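Structural characterization, general
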Amino acid sequence: MIRRDFPVKIHAGVNGRSAAVGAGVLALALASLTACGSDNNSSSSSGGSSSTTTSAGGSSSSSTSGSSSSSSSAAGGTGGDINCASGSLAGQGSSAQATAINQFVKDYQTKCGSGTNISYNGNGSGPGVTAFVQKQADWAGSDYPLNADQQKQADQRCGGKPAISVGTIPGAIAVMYNVPGVDKLNLSASTLGKIFNGKIAKWNDQAIAAENPGVQLPDLAIQAYHRSDASGTSFNFSNYLNKTAPSDFSAAANKQWPGSGGQSAQGSKGVAQAVASSSGAIGYAEVSYATSNNLKTAAIGNKDGKFVPLTIANASNFISKAQIDTAAGNYKFNFDYTYAADDAYPAVLVTYEIVCSTGNDSAKLPVLKNFLQYTAGSGAQSQLEKLGYVALSSDQQSKVGAIFAGLS
Amino acid sequence: MSGITPTATRPTPRPGGGGSAIALNSGTRRGDAVFSGAVRGAAILLLILMGAIAAFLVYRAQDALSANTANVLTYTGTWAPDDSPPKFGIGALAWGTLVTSLIAIILAAPVAVGVALFITQYAPRKLAQVLGYIVDLLAAVPSIIYGLWGILFLVPHMQGASQVISDVLGWLPPFESGVFGRSVFTAGVILAIMILPIIAAISREIFLQTPRDQVEAAYALGATRWEMIRLAVLPYGRSGVGSAIVLGFGRALGETIAVAMVLSTSSIFVTKLLQPGGNTIAANIALQFGSAFTTGQGALIASGLVLFVVTFLVNWLARRITKHGGEAKERRGLGGLFRIGRGGESMHMESSYDAPAPSEATGSAGGPVAAGLGSPLSGTVPASRGAFEAKDSAPEVVADEAAGRGRSHRAPRVAGLEGGVLAAPSGSRRLRSGLAGGLSVATFALAVIPLASILWLVVSRGSHALNLDFLTHSLRNISESDPGGGVYHAIIGTVEQALLAALMAVPIGLLVAVYLVEYGRGMLARAVTFFVDVMMGLPSIVAGLFILSLWIIGLHQMANGFAGALALMILMLPIVIRSSEEMLKLVPDSLREASYALGVPKWRTITKIVIPTALPGIVTGVMLGVARVMGETAPILLVVQYVSFINGNPFDGSQGQATLPTVIYSTFTSPEHASNDRTWSAALLLILIIMLLNIVARLIAWWRRPNNT
């Protein structure tokens, strides 16, 4: 029952030492905080990045401009000028448009300097719309326009004024595959429906072989990857399958992948990475992800059963037949899945920028308005093809630009 | 507190706190009233906070459950709570959670126990000490690192591995046709690797406390090393190891990010372990929270509540095992053939057993806190029962921050050796002992492979982009393919959020701990203790969900750094309370009584004598808590918006903040080399920061050790 006297020994002089320790730790923490960090990454990479920007943006106009800060003149066409505004802006949503938007953000920030901070988090169309409604994002990117239910909530968020969905960045959905030894692949919508519903399990299945005469198909299990999060790419791809081959893909378009079976990964990047890393895999994502992961893409079947290879021109042809719906200030694309030309790639999407038409935060309005105008202008749109997207026609560019110019 | 005779030693009056007793006496009553009011207030605040969390979650969950048109237990279709009509099911998720955690525990438990045995019983003394440290540090590696390793290294290799498994075990339905990299089995493997160091650290700690005299007695009877382990170490540690395993299971249940990264999700009741599909509650929350609207949030909250309740039950079970096991053994011990003396005089004898001295035992354990003050064992021979009693409570802190919750064990004071006197070892007994030793070494090697692979990969791939520019630049204007850029913005976010969380959690936590130790009586104290236990088991994703739905959506606050700090605060609070409580308990009553005898009022005794005495231990506990929350990913993903530029103001309403884990999470899928290099460097940096904090915390504990001054 005897307690030794050790604590007393501790007790003497504890204060000084532990206080010193505490102070030391705190000082360390503060030192690391106050040390000068920098957002200015231009010194290390400006040479490369800004020159690619100018050449992409202003290829038509000239190569006279230097690579320095005067890139606005280099940004080319009339709508492509960057009108700077300072402030910070937070957007999130569609991962399909992330590659493009991040490039545009970079252009804009490079031109406007450290007073302008724009973040775009490509965490999926679903999260983007939710964040917009919850006022966590100033604008959202979404591969499908607001539906009636979401429209109500979004209008509420905009103080009772309408929120608008403006189709700005069209793209194509690549069917990417990783099958050793297969360089060219044709897949009809009904075969794709069966694959993504788990009805076809092997690459050398008869259905696939019949569509690919002369191609050596291996005896390999198919790993079909879809998105695990709410995704506009899922919505558009399931829409294509359902509209083109309703008997083999009966589920209606849904942002949560409606097919049964298969595997999933998060985000377009996740799907692309999964396909790239598993032998026998197939998946879908915006074409820029197929390109950046060096994945092969399949030619897919249209309504008439013709196989159309994925090129930007083919996707553009299909998108150009879409009906434009401008009701209520929106700019929506209604795709015509019955259109079956040999050069029209039918699995496409358009990413909508969703914003409040009026009632935006006055501190953020200038940068919101100017940035979105830039994305619709020719300076930005002319870069899209290189980035793996489809540009709006010049008529569409000016109409969309006008909508953004009218934001208040 | 009670019944301990004050010793003859003088408590040295604290400078400033001492002075004259008269000065101290002034304003006694009011000071005491204010102080006890404050600590009681903190305790009540904690209860209110917990009550608010529970009430809010239940309220939100109920709405969604009543709107649900599908059977919540059996529905296996798409997670669609925001569609009309709303449809979602939690049964399949809960099943997936159980399956992955069971796979993890089946794989991890035997290996972890083998590792603990190897370190405590077989490894040379110096090596054992080093290995002990390493295991403890590995237990602190955040889950995002395991996830990163899992998706980029393990998954591509699992395709072949599961093929092999299904070739061998394919006749069993759960192991049919495994050709896939992502399956619940893969998730289980990742979880197993994650919880292995935790179980090993606690088990090691328990094995080290095997009473020396029993070990020596076993050897004296002629036991081989394996027989000694069977007779002395294992019976002594059984309940403690059992509860360590259950704690590991609880940890696996709540794990979010690593599973979300490697699992290929679908809502089915998984039966084929090697095939894709299945989902866990926590991973589903992480994947779906972003796109959830009102009903969706309610549905996720409902699933979070299920997870919370299951985790709580598991942790409760762990405590029951410990208690029950302790009692049972005590009884058996009394009836045993040999009774080793209680505490008392133990035999001094030389034996071949080269166990680490007990001082190292407690000193290097997962709970350096225990080492700081609670090493009454530091003499070679425990001289009194008092020492044993002190030991009983000390190691509990260990489990708390190593495993996230719970008590590691109540050390039974007596364990029996059953069996008669053993003759000199025969050949077969020697062989068995050798085999057991070999097996233990083998499990250790098995455990080392994945853990070494993680560290090697992080260090080798992360080191070449980790330079001064990386530390001082942000990712603003850096495309994935661009070289350069850095994580300064994330370092700021990580540090600020953790410090803010500590700033909120430490005062409240310390006051609650003071209340529990110095004032706590009756219902309120019991309720507070209970709720601290409950909070210990709160899966981090649920804490994030709570802040998201109450603070951000309910109160229309912004998803900025402060929201992240709030979520981290909820996670830190129980750690701070638990470790401070244990440290305060270790302050001998003689000090308090001496102070009272000098006429010092209670509140001044506490603030000037008790808390300063326990301070090093408390600081250590806080630092370990900070290190723990710094690696959190899941709650931060939910409540802080990721940005790529520097934002030094966590209260900024219009911008979020980046943290190191979220940088890793938002870049790990990139196909670009430049971006991958940055991801690995961020991972390496995160590990380095957490290790540094752990090491400093341990150094403080070691430095303040009584026989070190």
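What counts and what doesn't
Residues numbered from 1 in each chain as written. Chains lettered and ligands numbered in written order. Predicted model: local features only at pLDDT ≥ 70, side-chain atom pairs only at ≥ 80, totals over all residues. Heavy atoms only, no water. Helix = DSSP H or I, 4+ residues; strand = E, 2+ residues; numbered from the N terminus. Buried < 20%, exposed > 50% of the residue type's maximum accessible area, 1.4 Å probe, protein only. Contact = heavy atoms within 4.5 Å. Areas by Shrake-Rupley, 256 points an atom, 1.4 Å probe, with all protein chains shown as cover. Pairing = 2+ DSSP bridges. Patch = residues over 30% accessible without salt bridge, like charges linked within 9 Å, V, L, I, M, F, W, Y side chains within 5 Å. Salt bridge = Lys/Arg side-chain N within 4 Å of Asp/Glu carboxyl O. Disulfide = S-S within 2.5 Å. Expected span 1.5 Å × (residues − 1). Bend = angle between axes of the 7 residues up to and from the residue. Core = buried A, V, L, I, M, F, W, Y, C linked by side-chain atoms within 4.5 Å. Domains from an automatic or database assignment. Polar contact = N/O pair within 3.5 Å; in protein donor to acceptor, adjacent residues only side chain to side chain. Phe/Tyr/Trp six-rings, centres within 6.5 Å; stacked < 30°, edge-to-face > 60°. Lys NZ or Arg CZ within 6 Å of the ring centre and 35° of its normal. Axes fitted to C-alpha atoms, helices over the stretch in contact; angles between N-to-C directions. Parallel < 35°, antiparallel > 145°, perpendicular 65-115°, else oblique.

A few words on the overall build of chain B. Scanning chain B from N- to C-terminus turns up 26 helices and zero strands. A total of 709 residues make up chain B; the buried ones form 64% of that total. Within chain B, contacts between residues separated by at least 24 positions form 80% of all contacts whose residues are at least 6 apart in sequence. Summed over all atoms, the accessible surface of chain B reaches about 24,600 Å², with 66% contributed by carbon and sulfur.

Further remarks concern the overall build of chain A. In terms of regular secondary structure, chain A is built from 16 helices and 14 strands. A total of 408 residues make up chain A; the buried ones form 58% of that total. By sequence separation, contacts in chain A at least 24 residues apart represent 74% of the contacts at least 6 residues apart. For chain A, the exposed area adds up to about 14,700 Å²; of that, 52% sits on carbon and sulfur atoms.

Turning our eyes to something else, we now look at the sheet that holds strand β11 (residues 307-308) of chain A. Residue and element names in this part refer to chain A. With mixed pairing, the three strands of this open sheet are ordered in space as β5-β10-β11. Of all strands in the sheet, those bounded by a partner on one side alone are β5 (186-187) and β11. Sheet topology places strand β10 (residues 299-301) next to β11; two bridges connect them, and they run antiparallel. In the sheet register, I300 faces β11, and the bridge partner there is V308.

This part is about a nonpolar patch on the surface. Residue and element names in this part refer to chain B. A grouping of W95, L98, L102, I106, F269 and V310 is seen on the molecular surface, where their side chains present a nonpolar patch of about 510 Å² in accessible area. In terms of residues, the nonpolar patch owes the most to one element, helix α3 (residues 91-122), which gives four residues. As for its position among the elements, F269 is in the loop between α9 (257-262) and α10 (281-288). For F269, a relative accessible area of 35% gives the class partly exposed.

Turning our attention to the state of the cysteines. Residues and elements named next belong to chain A. Applying the stated criterion across every chain yields a total of two disulfides over all chains. In this model C84 forms its disulfide with C112; the gap between the sulfur atoms is 2.0 Å. Here C84 and C112 share a disulfide; its torsion about the S-S bond, -90°, makes the bridge left-handed. Of this pair, C84 sits in the loop between α4 (71-74) and β1 (87-93) while C112 sits in helix α5 (residues 98-112); the two residues are 28 residues apart in sequence, bridging distant segments of the chain. Note on cysteine connectivity: C158 is disulfide-linked to C356, with sulfurs 1.9 Å apart. Judged by the sign of its S-S torsion, about -80°, the bond between C158 and C356 is left-handed. Here the residue C158 occupies a position in the loop between α7 (148-157) and β4 (163-178), and C356 occupies one in strand β14 (residues 348-356), the gap between them amounting to 198 residues.

With 29 residues, helix α23 (residues 602-630) of chain B ought to run about 42 Å at 1.5 Å a step, yet its terminal C-alpha atoms sit only 36 Å apart, falling short of that. At L615 of chain B, α23 of chain B is deflected by roughly 55°, the largest bend along its length, and proline P616 of chain B occurs up to four residues later in sequence.

All right, on to the nonpolar core then. Core analysis: the biggest nonpolar cluster contains 207 residues, and I145, M228, V487, I541, M572, L584 and V639 of chain B have the highest contact counts within it. Counting residues per element, this core draws most heavily on helix α6 (residues 184-208) of chain B, which supplies 18 residues. The residues that make up this core include at least three from each of domain 1 (26-30 + 465-521 + 539-708) and domain 2 (91-329 + 430-462) of chain B. Excluding residues within four positions of it along the chain, I541 of chain B makes contact with T256, A282, I285, A286, L307, A634 and L638 of chain B. Among the nonpolar cores identified, the runner-up in size contains 106 residues, and Y284, A298, A347 and L349 of chain A belong to it.

For the structure on display, the rule yields 16 salt bridges over all chains. As a salt-bridge pair, D229 of chain A and R227 of chain A come within 3.0 Å of each other at their nearest N and O atoms. Here D229 of chain A falls in the buried class, since its relative accessible area comes to 2%. The exposure class assigned to R227 of chain A is buried, which follows from its relative accessible area of 3%. In this structure, E581 of chain B engages R578 of chain B in a salt bridge whose closest nitrogen and oxygen atoms are separated by 3.9 Å. Pair noted here: E581 of chain B and R578 of chain B are both in helix α21 (residues 561-586), with a separation of three residues, about one helical turn.

This part covers the domain arrangement of chain B. All names here are of chain B. Along its sequence, chain B is carved into domain 1 (26-30 + 465-521 + 539-708), domain 2 (91-329 + 430-462) and domain 3 (351-425). Each partner contributes to the interface: domain 1 provides 33 residues, whereas domain 2 provides 32 residues. Where domain 1 meets domain 2, there are one salt bridge. A salt bridge links D136 to R698; the nearest nitrogen and oxygen atoms lie 3.6 Å apart.

Attention now moves to the pairing of β14 of chain A. All names here are of chain A. Counting buried residues along β14, nine of its nine residues qualify, which places the element largely inside the surrounding structure. For strand β3 (residues 139-142) and β14, the ladder comprises three bridges, and the chain directions are antiparallel. Within β14, the position partnered with A140 by the bridge is I354. In terms of strand pairing, β4 meets β14 through nine bridges, oriented antiparallel. Among the inter-strand pairings, G167 is bridged to a residue of β14, identified as Y352.

Moving on, we come to the side chain of Q121 of chain B. Residue and element names in this part refer to chain B. Structurally, the position occupied by Q121 is in helix α3. Residue Q121 is classed as buried on the basis of its relative accessible area, which comes to 2%. Within the structure, Q121 has its side chain in polar contact with the side chain of T120 (distance 3.3 Å).

So, about the pairing of strand β2 (residues 116-121) of chain A. Residue and element names in this part refer to chain A. Burial of β2 is extensive: six of the six residues sit out of reach of the surface. As defined by bridge partners, β1 adjoins β2 across six bridges and the pair is classed as parallel. When the bridges of β2 are listed, S88 appears paired with N117.

All names here are of chain B. A complete count under the given rule lists 28 aromatic pairs over all chains for this structure. The residue whose ring lies beneath K602 is Y519, and the NZ or CZ to ring-centre distance is 4.2 Å. Its guanidinium or amino end placed over the ring of W603, R604 lies 5.5 Å from that ring's centre, counting from NZ or CZ.

Residues and elements named next belong to chain B. Position of G631 among the secondary structure elements: in the loop between α23 and α24 (634-639). According to the relative accessible area criterion, G631 is buried, its value standing at 5%. For G631 and P661, which are 30 residues apart along the polypeptide, the C-alpha to C-alpha distance reads 6.3 Å. Each residue touching G631, except ones within four places of it in the same chain, is listed here: P142, I144, P661 and I690.

What follows is about the packing of helix α18 (residues 488-519) of chain B against helix α25 (residues 660-667) of chain B. All names here are of chain B. It is the contact of α18 with α25, at a shortest axis distance of 7 Å, that shows an interaxial angle of 135°. Between α18 and α25, the interaxial angle falls into the category oblique. Of the residues in α25, those in contact with H489, A490 and T494 of α18 are L660, P661 and V663.

Attention now moves to the environment of L516 of chain B. Looking at the element boundaries, L516 of chain B is found in helix α18. With 28 residues separating them in the primary sequence, L516 of chain B and G544 of chain B have C-alpha atoms 27 Å apart.

This part takes up unusual backbone geometry. At the junction of S84 of chain B and P85 of chain B, the peptide bond is cis and its omega measures out at 0° in the coordinates. Counting through the fold element by element, P85 of chain B comes out in the loop between α2 (28-67) and α3. Non-glycine residue N294 of chain A carries a positive phi angle of around 55°. In this fold, N294 of chain A is placed in the loop between α12 (287-292) and β9 (296-297).

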